[in-house]
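Coordinates in review
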Amino acid sequence: MRGSLGTSLVLHTLVLGYALVSISAPASFEVADVEALPVDIIPVESITQIQQGDKKAPVAEKAAPKPTTKPNIVENAENAGDNDIDLKTPPTPAKKPVPTEAAAAPKPAEKPVPTPTPEQNEVKDIVPEETTPKPAEVAALPEPKPDVTPPQPKPEPAPQPQPTPAPAETQAEEIPLPDAVPIPVAKPRPEPPKEEAKPVEKPAEKPAEKKPETPKPAETAKAAEKPTDKKEGKKQETAKSSSSKESDFNADEIAILLNKQDASGGGAKRSSAPAALGGKKDTGGSKLSQSEMDALRGQIENNWSVIAGIEGAEGVIITVTMKLDETGAIVGRPEVTAKGGSDGARRTLEGSALRAVMRSSPFRNLPADKYDAWSEVVVNFDPSELL
Amino acid sequence: MEQVGLAAAASEVSLWSLFMQAGLVVKLVMIGLIGASVWTWAIVIDKYVSFNKAKRQFDQFEQVFWSGQSLEELYRTLSERQNNGLSAIFVAAMREWKKSFERGARAPIGLQMRIDRAMDVTMARESEAYEARLGSLATIGSAGPFIGLFGTVVGIMTSFQAIAGSKSTNLAVVAPGIAEALLATAIGLVAAIPAVIAYNKFTADAGKLSARMEGFADEFSAILSRQIDEKLQPRQAAQ
């Protein structure tokens, strides 16, 4: 037994000694320096649906429109072509150099201009006659409110003349009496016309007298013109029409001149790949990919300060429907609706969501070729996730 | 209890440094378990050697016994040296036989009984020698992992206290303390696994040897019983 114990001891010391020497710190794990790989979940429609290409070209792995010659200068262009501006219309084949002429200034246009002036002048001659006495009268009056008062008498006399003229006289005289302010303004005017021609010309002259008080002379002239002499007005109109008939103005002619330049169509998206079978435009990608949608949502969430501790905010789902233009700016007013939760929480969160959406406009990093997808976009939020 | 140096541990995780960083309790457990392992292997070696030796002796004796050699002669050669196993049983039976006949035995049944008793006692003594120390193998095999686990639990408790003191949950701080604590369980398993295997093997071997001795004792008893009958009947007939 002693011998075997000794043997065992010797064996153990040998094994332990070997373990102490050989088993040192194990090699630490190597952590490979792996770069993060962005993973994007894209809808399969963008691959299966029609892609932009050339309708007559042979089938190739990747659809591509006819190669363009110019370097790409237009960003975010959607339609293939050599154009400088991205247009949806197809390029016109005609390449004749058409001399573009500026539309010749039409001579007859000058004619109608001078014709009204003499008539207006005639009217203006009438105006000063009537207006001249009024400022003098107003100046003599001590009251400082000449502008405010006129509106009051205005409506009153207007309805009066339409019914019988007799009560109109009495009322017109009676009304100025109680009103302390309008008296001086209104009185002098109605008096002279009544004396001159009471029954017939009353309605016509009254407005004419009041309007001159307004600062614009042209309006007064027109207003005065019509009531004073309707015949003259008619004459003027006839004069105008006659003058236009006399001129050799022709709209069609002008249209021809204006359309001398051919319409230039074609897109501005450049293509360097050989032409391959495909559609006129990408019809795929009608959906934003998951990460693009997340990016859009993230932009709103960054600007969204959700107030913590709103009662009943659990389960509120906010749906924002907004229209965007090509730059990502919001068009119109986004529609924000909330579901679930309490009434108060819903209202509060709707307001804050609307503010967040407006603040985050214009949206960045939206794919230009998928504008169809995000021209009108619906974003859903669960505000409880933002807390 | 010693404060576990966590900062230093982060750089060095060799076996010796693990042992030295451990607390006193864990160290004692580890030393005890290493001692148990030494003891286990000492028993294993001892039993292996002695069982092999016993088997060889059994074979040799049986060869000699059944060779047709005179039992008297065999007894004379064997009684001069130390015997164990089958030869010890044979010598014990022959001694009893001799004593009884030298004094003039009369009753054959009494003689038979005495010889059987003598053989049984010798057999019991021999098998006791074979099974000696197998019990400690069983103890080490069953208790070793628990002792190691105890060391681990104490070590992990200590290292958690040290982690709390360092105010960092970095894995580089946490790992060495736990690795050092787990060393105790590892040593416990290293001691216990061979002990369990050896215990099972040597118990079976000892059982086989005992069965062989019993078989021999029965056979020898039958031979002696025949001899007794042959030797005592003429005397009775003469009287």
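To be clear, the structure that these remarks concern was listed above.
Residue numbers run consecutively from 1 along every chain, following the written order of its sequence. In the order they appear in the text, chains get letters beginning with A and ligands get numbers beginning with 1. Note on the predicted model: pLDDT of at least 70 is required for a residue's local features to be given, and 80 or more for side-chain atom pairs to be given and counted; whole-chain, interface and lining totals, by contrast, use all residues. Side-chain measures were taken over the full set of non-hydrogen atoms in the model, leaving aside hydrogen atoms and water.

Description of the overall build of chain A
The cut-off we apply is this: Counting from the N terminus, the helices are DSSP H or I runs at least four residues long and the strands are E runs at least two residues long. Partly exposed describes any residue whose relative accessible area lies between the buried limit of under 20% and the exposed limit of over 50%, with all areas from a 1.4 Å probe on protein chains only and scaled to the type maximum. Working definition of accessibility: Shrake-Rupley area with a 1.4 Å probe, residue cover restricted to the visible protein chains.
Helices and strands together make up the secondary structure of chain A, namely 14 helices and three strands. Taking all 387 residues of chain A together, the buried fraction comes to 29%. As displayed, chain A has an accessible area near 26,200 Å², and 58% of this comes from carbon and sulfur atoms.

Description of the nonpolar core
For the record, the criterion: As used in this record, nonpolar core signifies buried Ala, Val, Leu, Ile, Met, Phe, Trp, Tyr and Cys residues forming a set joined through side-chain atoms within 4.5 Å.
By size, the foremost hydrophobic cluster in this structure holds 40 residues, and its most contacted members are Phe90 and Phe220 of chain B. Broken down by secondary-structure element, the contributors of at least two residues to this core are helix 3 (24-65), helix 4 (71-78), helix 5 (86-102), helix 6 (108-131), helix 7 (134-166) and helix 8 (171-238) of chain B. In terms of residue count, helix 8 of chain B provides more of this core than any other element does, 13 residues in total. Within the second largest apolar cluster, 30 residues are counted, among which are Ile310, Ala356, Phe363 and Tyr371 of chain A.

Details of the environment of Ala132 of chain B
Residue and element names in this part refer to chain B. Among the structural elements, Ala132 can be located in the loop between helix 6 and helix 7. Ala132 sits in the partly exposed class, given a relative accessible area of 29%. Measuring from C-alpha to C-alpha, the distance between Ala132 and Lys47 comes to 9.2 Å, with 85 residues separating the pair along the chain.

Comments concerning a nonpolar patch on the surface
Put simply, the test is: Exposure above 30% relative accessible area and no salt bridge define the residues that can form patches, which grow by joining like charges within 9 Å and nonpolar side chains of Val, Leu, Ile, Met, Phe, Trp and Tyr within 5 Å. For salt bridges, the criterion is a side-chain nitrogen of Lys or Arg within 4 Å of an Asp or Glu carboxyl oxygen.
The grouping of Leu20 and Val21 of chain A together with Trp16 and Met20 of chain B at the surface amounts to a nonpolar patch, some 410 Å² of accessible area in total. Taken together, the elements giving at least two residues each to the nonpolar patch come down to helix 1 (2-22) of chain A together with helix 2 (15-21) of chain B. Tracing the backbone through its elements, the reader meets Trp16 of chain B in helix 2.

What about the interface of chain B and chain A?
Where we set the bar: Should any heavy atoms of two residues lie within 4.5 Å, those residues are considered in contact. Once two parts are brought into contact, the accessible area they lose, counted with a 1.4 Å probe and summed over both, makes up the buried area.
On the chain A side, the residues contacting the 14 residues of chain B number 15 residues. In this assembly, chain B packs against chain A so that about 1,200 Å² is buried in total across both faces, 82% of it on carbon and sulfur atoms. Looking only at chain B, the three residues that lose the most surface to chain A are Leu15, Val38 and Ile45 of chain B, adding up to 40% of its buried area. The tally of links from chain B across to chain A stands at zero salt bridges.

Considering the packing of helix 3 of chain B against helix 7 of chain B
For any two helices packed against each other, the geometry comes down to the angle between their axes and how far apart the axes lie. Residues and elements named next belong to chain B. This is how the line gets drawn: Angles run from 0 to 180 degrees between N-to-C directions of axes, and those axes are lines fitted to C-alpha atoms, restricted for helices to the stretch in contact. Should an angle fall under 35 degrees it is called roughly parallel, over 145 degrees roughly antiparallel, and 65 to 115 degrees roughly perpendicular, with every other angle called oblique. Handedness of each helix crossing follows the sense of rotation of the near helix against the far helix: counterclockwise by less than a right angle gives left-handed, clockwise gives right-handed. Only Asp, Glu, Lys and Arg are considered charged, only Ala, Val, Leu, Ile, Met, Phe, Trp, Tyr, Cys and Pro nonpolar, and every remaining residue, Gly among them, polar.
It is at 10 Å that the axes of helix 3 and helix 7 come closest, and there the two elements cross at 160°. Compared by their axis directions, helix 3 and helix 7 come out roughly antiparallel. Judged by the sense of rotation from one axis to the other, the crossing of helix 3 with helix 7 is left-handed. Counted together, Val25, Val26, Val29, Leu33, Ala36, Trp39, Thr40, Ile43 and Lys47 of helix 3 and Leu134, Ser136, Leu137, Ile140, Gly144, Ile147, Gly148, Phe150, Gly151, Val154 and Gly155 of helix 7 form the full contact between these two elements. Of the residues contributing to the contact of helix 3 with helix 7, the split by class is 13 nonpolar, six polar and one charged.

With respect to the layout of surface pockets
The cut-off we apply is this: Lining residues are defined by having an atom within 4 Å of a point belonging to a cavity or pocket. Those points lie on a 1 Å grid over the protein atoms alone, cavities being sets where a 1.4 Å probe fits but cannot get out and pockets being open sets with protein on both sides within 12 Å along at least five of seven lines. Grid points are joined across faces, edges and corners, and a volume is the space filled by probe spheres set on the points.
Of the volumes computed, that of the second largest pocket is approximately 490 Å³. Leu16 and Ala19 of chain A together with Leu15, Ile34 and Ile187 of chain B are the residues nearest the centre of the second largest pocket, which is lined by 20 residues in total. Broken down by secondary-structure element, the contributors of at least two residues to the lining of the second largest pocket are helix 1 of chain A together with helix 2, helix 3 and helix 8 of chain B. Counting residues per element, the lining of the second largest pocket draws most heavily on helix 1 of chain A, which supplies six residues. For the lining of the second largest pocket, the class distribution of residues is 18 nonpolar, two polar and no charged.

Regarding the pairing of strand 1 (residues 317-324) of chain A
Residues and elements named next belong to chain A. For clarity, the cut-off: Pairing between strands requires that DSSP locate at least two bridges from one strand to the other.
The pairing of strand 1 with strand 2 (residues 330-339) spans seven bridges and is classified as antiparallel. Along strand 2, the bridge assignment pairs Ile317 with Lys339. Between strand 1 and strand 2, which pair antiparallel one after the other, the connecting turn spans five residues, and Gly328 there sits at a positive phi close to 95°. Where strand 1 lies against strand 3 (residues 376-381), six bridges are found, and the strand directions are antiparallel. Bridged to Val320 within strand 3 is Val379.

Digging into the pattern of salt bridges
Evaluation of the coordinates by the stated rule reveals eight salt bridges over all chains. When salt bridges with common partners are traced through the structure, they connect Asp59, Glu62 and Arg212 of chain B into a single cluster.

Quick word on a negative patch on the surface
Residues and elements named next belong to chain B. Note the cut-off: We treat Lys and Arg as the positive residues and Asp and Glu as the negative residues; His and chain ends play no part in the count. To locate a charge, the coordinates of NZ of Lys, CZ of Arg, CG of Asp or CD of Glu are taken.
A grouping of Asp120, Glu214, Asp218 and Glu219 is seen on the molecular surface, where their side chains present a negatively charged patch. On the secondary structure map, Asp120 appears in helix 6. Assessed through its relative accessible area of 46%, Asp120 is described here as partly exposed.

As for the sheet that holds strand 1 of chain A
All names here are of chain A. Reading across the sheet, the three strands line up as 2-1-3 and stay open at both edges, with antiparallel pairing between neighbours. The open sheet has two edge strands, strand 2 and strand 3, and neither has a second partner. On average, each strand axis in the sheet is inclined to that of its neighbour by 15°, with strand direction left out of account. Contacts from helix 12 (residues 290-302) reach strand 1 and strand 3, with the element oriented near 65° to strand 3.

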